[in-house]
Amino acid sequence: MAAMATVPSYTPSLWVRMCHALPRLDLTMTMRDNLFIPDSWEYQQTLLVLSSLSAIALVLSLLVIISFLIHYCCCRRGDRSEGSEEEEEDEEGSTGHGYGGKKGRGICCITWVSVAAVTLCCVAVGVGFYGNSEANDGIYQLTSSLLTANYTLASIDLLVSDTISGLQLSIAGPLTTMEELFTGSKPYLVSTRNCRRLSENVVFLLTSLTMARSSDGGAWNSSNNSGDPPIAALTPVPPSMAPTVAPVGGVMPSPFSPGWAANTLMVNEDYRWLSYVLLLLLDLLVCLFILLGLAKQVRWLLILMTVLAWLALFLSWGSLGLETATVVAVSDFCTDPNTFVLNSTHFNSGTSSDVLDYYLTCSRRMNSPFQQLLTQSQRALSSIHTHLSSLDRNALPQVPKAEKSLREVQQILNATEGNFHQLVALLSCRGLNKDYIDSLKGLCYDGMEGLLYLSLYSFLSALAFTAILCSLPGAWRSFPSDSEEYEDSDSESEDPFTSHQYSPSMLTGYGGSQTHPNSAHSRNLYSR
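Model, not experiment: these values are computed from the prediction.

Moving on, we come to the overall build of the protein chain. Along the backbone of the protein chain there are 18 helices and two strands. Burial analysis of the protein chain (528 residues in total) assigns 42% to the buried set. Of the contacts made within the protein chain by residues no fewer than 6 positions apart, 78% connect residues no fewer than 24 positions apart. For the protein chain, the accessible area works out to roughly 28,700 Å², and carbon and sulfur atoms hold 61% of it.

Structure, rendered in structure tokens:
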């Protein structure tokens, strides 16, 4: 935590500190440190143990579901073995589906449990969509910052290559011509050779700067065997199209390349985002069709949704295990990212810790590790400019043929000084440190929050599907069978006129006495 005090505008969030404080056990149930060391097998074991908790929860869910299924099967057999007297009582108190009394109330309760579980699943899906969006925003901010840093490094490389190429051109062309023209004048020849020597010195210093920046993890590689400076021809482009080199086999390059990391993250994030969207849509469709099947009492639809609910249950617990390991690993990194970057061989391969610490912390009390190199280059360029001004005043009136070569050298020197000022500004720690801070905020704030919401979604959806699979068999019992539906349809299709005709008892008399057919009452009946 002490190292993070030097990082401006970034402090680990509360969620990061809470997840980082979780105890860690390896496969032998031994306590381990929570330092972020992804290449260590001991650290990987702690993540495996945390992920295995979701597997244990899956086993418990399966046991609960199986126990409920056994309970429903036993209860149904018990109901079938009841006597005919109990069935007649149920029919007399039935509500139209063949069940009544306590059984009807129990089935109604089970149905409402299914509806409540489906509602919980829909809430979990909403949480999942929000978490997926937050995680995507965090990864997008991380990749944007990495691409911006890669753009800055490519711009530095371009300025260095242009400066070195211009100075080499001036050494091989105009300065050589001026030496030939000033052969008879020793003072002018000495000034011209001093310009050559100073230009070569600047080329050497900038070549050393390029090699240092390359080992710092920029967008270029160091040296070739020739005497030319180890420069790769890169052209600055917008950050989204910054040049990168993808290593063969997808292995992380050494030294680390921000452009490679950004492209790799973008590809993986696209697959991750799409996978979660498909999983969320699957859960949502299963929930909606379960509600439809309960409302319409369609058995085949509920059977199909039960199969998909089993699949969703396994996917929910599996995703929870992956999310748990990812959340813990991200929290370990975000607690002290400087320590990991300084100690990782992918970042500090061939690079001094002073250079990395300068760009990671960007403290005002720290001097740039390139300060001496830049100062010497600036003094050399100023000396070249002084010698050229002296030759312009004194040599040109005596040797007019040297004017063209002198003007070319001055033009190259002006362009070199312009590039050098831009190079000094880009080598300042403020730009790259800002990209570093933005990448940390994207990963450790939005990305971490999104992962936590996704973990909550997986947990809630797993609970919801467990409850659904436990209650759906009981809800099926409330559906009328095919014979009951046929009897209901027959009773509803009886002749309505037959039911309203009078029975012989009504025609024979009232109160046990027979009515004479010639009586007034009988005449009224027949007249009707």
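Picking up where we left off.
Inspection of the entire model under this criterion finds two disulfides. Between the sulfur atoms of Cys-334 and its disulfide mate Cys-444 the distance is 1.9 Å. Taking the sign of the S-S torsion, about -85 degrees here, the bridge from Cys-334 to Cys-444 comes out left-handed. Placement of the pair is Cys-334 in helix α8 (residues 299–335) and Cys-444 in helix α14 (residues 429–476), with a sequence separation of 110 residues.

What follows deals with the UniProt feature "transmembrane region" (unreviewed entry) in the protein chain. According to UniProt, the positions carrying the feature "transmembrane region" (unreviewed entry) are residues 45–70, 107–130, 273–294, 301–320 and 451–472. A distance of 28 Å separates the end C-alpha atoms of residues 301–320, which is 100% helix and 0% strand.

Moving on, we get to the packing of aromatic side chains. Summed over all chains, the structure comprises nine aromatic pairs. A centroid spacing of 4.9 Å and a plane angle of 70 degrees characterise the contact between Phe-36 and Phe-340, whose relative ring orientation is edge-to-face. Of the two residues, Phe-36 sits in the loop between α1 (14–20) and α2 (41–80) while Phe-340 sits in helix α9 (residues 337–343), which places them 304 residues apart along the sequence. An angle of 85 degrees between the planes, with centres 5.7 Å apart, marks the rings of Phe-333 and Phe-340 as edge-to-face. Accessibility expressed as a relative area gives 14% for Phe-333, which makes it buried. Feature note: the residues Phe-36, Tyr-43, Phe-333 and Phe-340 constitute an aromatic cluster, connected by ring pairs.

Glancing now at the nonpolar core. Within the largest apolar cluster, 44 residues are counted, with the highest numbers of intra-cluster contacts made by Phe-182, Leu-206, Leu-209, Tyr-359 and Leu-423. Sorting the residues of this core by element identifies α4 (101–172), α5 (174–181), α6 (186–215), α11 (353–361), α12 (371–394), α13 (403–426) and α14 as the ones contributing at least two each. Of the residues forming this core, the biggest block, nine residues, is contributed by α6.

To continue, consider the packing of α5 against α13. Here α5 crosses α13 at 145 degrees, and the two axes come no closer than 9 Å. At the point where α5 passes α13, the crossing takes the left-handed sense. In contact with Pro-174, Leu-175, Thr-177 and Met-178 of α5, α13 contributes Ser-405, Leu-406, Glu-408 and Val-409. Split into classes, the residues belonging to the contact of α5 with α13 amount to five nonpolar, two polar and one charged.

Before going further, it helps to spend a moment on the packing of helix α7 (residues 258–296) against α8. Where α7 meets α8, the axes come as close as 9 Å, and the angle between the chain directions of the two elements is 145 degrees. Viewed along their axes, α7 and α8 form a crossing whose handedness is left-handed. Every residue of α8 that contacts α7 at Tyr-276, Leu-279, Leu-282, Asp-283, Leu-285, Val-286, Phe-289, Ile-290, Leu-292, Gly-293 and Leu-294 is listed here: Leu-301, Leu-302, Met-305, Leu-308, Ala-309, Leu-311, Ala-312, Leu-315, Ser-316, Ser-319 and Glu-323. Here the residues of the contact of α7 with α8 sort into 17 nonpolar, three polar and two charged.

Another aspect to go through is unusual backbone geometry. Positive phi, close to 60 degrees, is recorded for Met-29, a residue that is not glycine. Of note, Met-29 is situated in the loop between α1 and α2. The exposed category is assigned to Met-29, whose relative accessible area is 54%. Phi is positive for Cys-362, close to 50 degrees, though the residue is something other than glycine. Tracing the sequence through the fold places Cys-362 in the loop between α11 and α12. For Cys-362, a relative accessible area of 17% translates into the label buried.

What follows concerns the pattern of salt bridges. A pair can form between side chains of opposite charge whenever their charged atoms are brought close. Counted under the stated rule, the structure contains seven salt bridges. Between Arg-196 and Glu-179 there is a salt bridge, and its shortest N-O distance comes to 2.8 Å. Here the residue Arg-196 occupies a position in helix α6, and Glu-179 occupies one in helix α5, the gap between them amounting to 17 residues. Salt-bridge contacts for Asp-438 lead to Lys-434; the nearest nitrogen and oxygen are separated by 3.0 Å.

What counts and how
Residues numbered from 1 in each chain as written. Predicted model: local features only at pLDDT ≥ 70, side-chain atom pairs only at ≥ 80, totals over all residues. Heavy atoms only, no water. Helix = DSSP H or I, 4+ residues; strand = E, 2+ residues; numbered from the N terminus. Buried < 20%, exposed > 50% of the residue type's maximum accessible area, 1.4 Å probe, protein only. Contact = heavy atoms within 4.5 Å. Areas by Shrake-Rupley, 256 points an atom, 1.4 Å probe, with all protein chains shown as cover. Disulfide = S-S within 2.5 Å. UniProt positions renumbered as here; feature names shortened; annotations may be inferred. Phe/Tyr/Trp six-rings, centres within 6.5 Å; stacked < 30°, edge-to-face > 60°. Core = buried A, V, L, I, M, F, W, Y, C linked by side-chain atoms within 4.5 Å. Axes fitted to C-alpha atoms, helices over the stretch in contact; angles between N-to-C directions. Left-handed = near helix turned anticlockwise from the far one by under 90°. Nonpolar A, V, L, I, M, F, W, Y, C, P; charged D, E, K, R; others polar. Salt bridge = Lys/Arg side-chain N within 4 Å of Asp/Glu carboxyl O.

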